[in-house]
Amino acid sequence: AQSVSQHNHHVILSEAASLELGCNYSYGGTVNLFWYVQYPGQHLQLLLKYFSGDPLVKGIKGFEAEFIKSKFSFNLRKPSVQWSDTAEYFCAVNANAGKSTFGDGTTLTVKP
Amino acid sequence: EAQVTQNPRYLITVTGKKLTVTCSQNMNHEYMSWYRQDPGLGLRQIYYSMNVEVTDKGDVPEGYKVSRKEKRNFPLILESPSPNQTSLYFCASSLRRGAASTDTQYFGPGTRLTVL
C-alpha cells in the first residue's frame, strides 16, 4: 500500500524567509508525485509534479521540489516566501492505477 | 470555463436521511474521484472512477456509494449518513488514468457536510 508522510503540520515564517516542506512516500514501484496547494477559500490546485526526467522540478509561483529516490522524498522549496503563500500544502502520490494518496497537509502561515 | 462543480456547497442533515452530492466536470475527463478532508488527516480517497461504468474503492469507502452513468457526472451517495461522515468533501477529475497516472487532478470547490 502507498502512503505519504508530511513532516510539518504547521509552519510559520516571516516574509522573505526560505521554505522547505518535507514529504516522504512509501511505495516500492514507480510513483508520480505531486504538490497541491489550497489557498484560503479556494480549490486545491496543482503546484508542481514529477514523473520522470530531471528530479528537480519547477512549479508555479517560484516553487520547486526535488525528488530523491534513495530517500523516498519529494520536498517542496521556495527561496523567499510571500504573504500570499499562506495556504495549506499537500503532497500526493499516484502509484497504483486509480488510487491517489495525499499527505496530512502542512499549513503555512507567512507573517507580513 | 473548464471546471468541476459540486452541489450543494453546504448541507446540514440528520442521521439516516439519504443524501446525494453531485459532481460534474465539463472537460471530458475520463477519471473522477471523491475525497474527504478532515483536520489532521488530509485528503482521503473515498471512491474513484476510471471511466463510465467503472468505479472502485479508495481508502475510506464505507458508508458511501457512487455511480458513473455518464462521463461528466459522478455523484456521491450517502444512503444512511452518520455523524462521523461530517466532513469537507471534494470531487476531482483528470484527463485519464491507468498506467500513466501523471495527469493533474482538477478539484471542485468542496461540499461541507454536517450530519447531526
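Now for a look at the structure at hand. Note that this is a predicted model, so its numbers are computed, not measured. (Residues numbered from 1 in each chain as written. Chains lettered and ligands numbered in written order. Predicted model: local features only at pLDDT ≥ 70, side-chain atom pairs only at ≥ 80, totals over all residues. Heavy atoms only, no water.)

Describing the environment of Val66(B)
Residues and elements named next belong to chain B. Here valine 66 lies in strand β7 (residues 65-66). Each C-alpha atom of the pair valine 66 and alanine 2 lies 23 Å from the other, and the pair is 64 residues apart in sequence. If we skip the residues at most four places from it in the chain, valine 66 touches Trp34, Tyr47, Thr55, Phe74, Pro75 and Leu76. (Helix = DSSP H or I, 4+ residues; strand = E, 2+ residues; numbered from the N terminus. Contact = heavy atoms within 4.5 Å.)

A few points about the nonpolar core
Membership of the largest hydrophobic core comes to 29 residues, with the highest contact counts inside it found for Trp35(A), Leu48(A), Phe74(A), Leu76(A) and Tyr89(A). Ranked by residues supplied to this core, first place goes to strand β10 (residues 87-94) of chain A with four residues. (Core = buried A, V, L, I, M, F, W, Y, C linked by side-chain atoms within 4.5 Å. Buried < 20%, exposed > 50% of the residue type's maximum accessible area, 1.4 Å probe, protein only.)

Re the state of the cysteines
Covalent bonding between the sulfur atoms of two cysteines defines a disulfide. Overall, the coordinates contain two disulfides over all chains when judged by the stated rule. A sulfur-sulfur distance of 1.9 Å marks the disulfide that ties Cys23(A) to Cys91(A). Across the disulfide from Cys23(A) to Cys91(A), rotation about the S-S bond amounts to roughly -65 degrees, and the bridge is consequently left-handed. Linking Cys23(A) in strand β4 (residues 23-26) with Cys91(A) in strand β10, this pair joins segments that are 68 residues apart in sequence. Just as Cys23(A) is buried, Cys91(A) falls in that class too. Residue pairing for Cys23(B): its cysteine sulfur links by disulfide to Cys91(B), the two sulfurs lying 1.8 Å apart. For the disulfide bridge between Cys23(B) and Cys91(B), the dihedral angle about the S-S bond is near -75 degrees, and by the sign convention the bridge is left-handed. Residue Cys23(B) is located in strand β3 (residues 19-25), and its partner Cys91(B) is located in strand β9 (residues 87-94); the two are separated by 68 residues in the primary sequence. A single burial state applies to Cys23(B) and to Cys91(B), both of which are buried. (Disulfide = S-S within 2.5 Å.)

Some details on the sheet that holds strand β8 (residues 76-78) of chain B
On the basis of which strands lie adjacent, the open sheet formed by four strands has the order β1-β3-β8-β7 (chain B) and antiparallel pairing. Looking at strand neighbours, the two that pair on one side only are β1 (4-7) and β7 of chain B, the edges of this open sheet. (Pairing = 2+ DSSP bridges.)

Comments concerning a nonpolar patch on the surface
Residue and element names in this part refer to chain B. Where nonpolar side chains cluster on the molecular surface, the patch consists of Ile12, Val14 and Leu116 and spans about 320 Å² of accessible area. Mapped onto the elements of the fold, isoleucine 12 is located in strand β2 (residues 10-13). Accessibility expressed as a relative area gives 63% for isoleucine 12, which makes it exposed. (Patch = residues over 30% accessible without salt bridge, like charges linked within 9 Å, V, L, I, M, F, W, Y side chains within 5 Å. Areas by Shrake-Rupley, 256 points an atom, 1.4 Å probe, with all protein chains shown as cover. Salt bridge = Lys/Arg side-chain N within 4 Å of Asp/Glu carboxyl O.)

Brief notes about the interface of chain A and chain B
Contact with chain A, which involves 22 residues of that partner, is made by 24 residues of chain B. Of the roughly 1,900 Å² buried between chain A and chain B on both sides combined, carbon and sulfur atoms contribute 48%. Applying the counting rule to chain A against chain B returns one salt bridge. Residues Asp59(B) and Lys99(A) are paired through a salt bridge, measuring 3.2 Å at the closest nitrogen-oxygen approach. One can count seven residue pairs in polar contact (both at pLDDT 80 or more) joining chain A with chain B. (Buried area = accessible area lost by both parts, 1.4 Å probe. Polar contact = N/O pair within 3.5 Å; in protein donor to acceptor, adjacent residues only side chain to side chain.)

By themselves these figures say nothing about function.
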